[in-house]
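# Observations on the three-dimensional arrangement
As a plain string of letters, each chain reads:
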Amino acid sequence: MSPDPGWQPLQDPPPGARRLYFQGDTVTFTLTVPAAFAGGGWLRTNLGHADRQRREIIRAVEEDVPPLGRDWFDVPMTRMDDRTFRLTLPLVEVGHFAGKCFCLPPGVRTPIWPAGDNTIINVEPAGTGSANIIYNAFVRQFGPNKHRRRLPDPDTTACLQELDREGYAVIPPSGTFRDLIAELDFILGELGCRYLQLLPINPTPTTYARMGRFGSPYAALN
């Protein structure tokens, strides 16, 4: 059957979709074509070629060599019935991958693609599939103000408010990594957190993007 601009094959998962999997899972691609289609179906992907993909990324950074996409290859799909091709692949490597199905009529070299972008497949380590409690640590708040249980005295409060009205930023003394380290037994042992996410410790904005007394950790100056 010759390529016909009046139809396009359908793919599941849809083109442009983003899917999260874990090492040891499988991913299944399904391609649906018109009943009269007599050709074959393939999946073009870089799944399973993480090492080659990594080498191209390193060469692009260290040697300024453009990535050539040598990690991509075509895998034939199995025809299930008159309209359906299917392929199931094991996900054994951790990484960021992509894929897209296409069909190829007999004697034709130009593939017919589903409409849309590649399907993104992110594969995480198997051990991260559950019990992922993340403690979000804002290092600057682990300083002298961590255990403050009362508001500043009225004179100090009035002084801070006056400085605020004048456009000045009054930021309390910052915590340190040593202050946070002293709390790790409690965070990891008592609370049962598994991951520690460190928010930026860079200088705090004092005018734009400032948030509260401490400033926004997502608007670091550097």
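Quick caveat: nothing in here was measured; it's all calculated off a predicted structure. (Residues numbered from 1 in each chain as written. Predicted model: local features only at pLDDT ≥ 70, side-chain atom pairs only at ≥ 80, totals over all residues. Heavy atoms only, no water.)

### Considerations on the overall build of the protein
Our working definition: Going along the chain from the N terminus, every DSSP run of H or I of four or more residues is numbered as a helix, and every run of E of two or more is numbered as a strand. Here the term buried applies to any residue with accessible area under 20% of the maximum for its type, exposed to any over 50%, and partly exposed to those in between, with areas from a 1.4 Å probe on protein chains only. Contact between two residues is taken to exist if any of their heavy atoms lie within 4.5 Å; hydrogens are not considered. Note on areas: these come from Shrake-Rupley sampling with a 1.4 Å probe, and a residue is covered only by the protein chains present in the view.
Counting its secondary structure elements, the protein contains four helices and eleven strands. Among the 222 residues that make up the protein, the fraction classed as buried is 31%. Pairs at least 24 apart in sequence give 75% of the contacts found in the protein among residues at least 6 apart. Surface accessibility of the protein: about 14,000 Å² in total, with carbon and sulfur atoms responsible for 55%.

### Regarding the pattern of salt bridges
Defined as follows: We define a salt bridge as a contact between a side-chain nitrogen of Lys or Arg and a carboxyl oxygen of Asp or Glu at a distance within 4 Å.
Using the criterion set out here, one finds five salt bridges in the structure. Its salt-bridge partner being aspartate 74, residue arginine 44 comes within 2.7 Å of it at the nearest N-O pair. Within this pair, whereas arginine 44 is found in strand S4 (residues 40-45), its partner aspartate 74 is found in strand S5 (residues 73-76), the two being separated by 30 residues in sequence. You can call aspartate 74 partly exposed: its relative accessible area is 35%.

### So, the environment of proline 15
Locating proline 15 in the fold gives a position in the loop between strand S1 (10-12) and strand S2 (18-22). Along the chain, proline 15 and cysteine 101 lie 86 residues apart, while their C-alpha atoms are 8.7 Å from each other. Contacts of proline 15, omitting those with residues within four sequence positions, involve Lys100, Pro114, Ala115, Gly116, Asp117, Asn118 and Thr119.

### Remarks on the side chain of aspartate 71
Under the convention used in this document: Charge counting follows a simple rule: Lys and Arg are positive, Asp and Glu are negative, and His as well as the terminal groups are ignored.
Mapping aspartate 71 onto the fold places it in the loop between helix H1 (50-62) and S5. Arginine 52 is the oppositely charged side chain nearest to the buried, salt-bridge-free aspartate 71, at an N-O distance of 7.2 Å. Sequence-distant contacts of aspartate 71, defined by excluding residues within four places in its chain, comprise Thr45, Asn46, His49, Arg52, Gln53 and Glu56.

### Concerning the sheet that holds S1
Strands pair in a sheet through their backbones, by hydrogen bonds, and they do so in one of two ways: parallel or antiparallel. To keep it simple, the criterion reads: By this definition, two strands are paired if DSSP reports at least two bridges between them.
Strands sit in the order S1-S3-S7-S6 across an open sheet of four strands; the sheet is antiparallel. At either margin of the open sheet sits one strand with a lone partner, and together these are S1 and strand S6 (78-79). Pairing analysis gives seven bridges linking strand S3 (residues 26-32) to strand S7 (residues 84-90), with the strands arranged antiparallel. Residue leucine 31 lies in a different strand from S7, and its bridge partner there is phenylalanine 85.

### Remarks on the pairing of strand S9 (residues 119-124)
In this structure, S2 lies alongside S9, joined through five bridges in parallel fashion. By the bridge assignment for S9, phenylalanine 22 is matched with glutamate 124. Pairing analysis gives five bridges linking strand S8 (residues 95-104) to S9, with the strands arranged antiparallel. Across the sheet, the residue bridging to alanine 98 is isoleucine 120, located in S9.

### Here we look at a nonpolar patch on the surface
Defined as follows: In this analysis, a patch consists of residues with relative accessible area above 30% that form no salt bridge, clustered at 9 Å for like charges and at 5 Å for the nonpolar side chains Val, Leu, Ile, Met, Phe, Trp and Tyr.
Together, Phe177, Ile181, Leu196 and Leu198 give the surface a local cluster of nonpolar side chains, amounting to about 350 Å² of exposed area. Every element with two or more residues in the nonpolar patch is listed here: helix H3 (177-181) and strand S11 (195-198). Along the polypeptide, phenylalanine 177 turns up in helix H3. Under the relative-accessibility criterion, phenylalanine 177 is labelled partly exposed at 39%.

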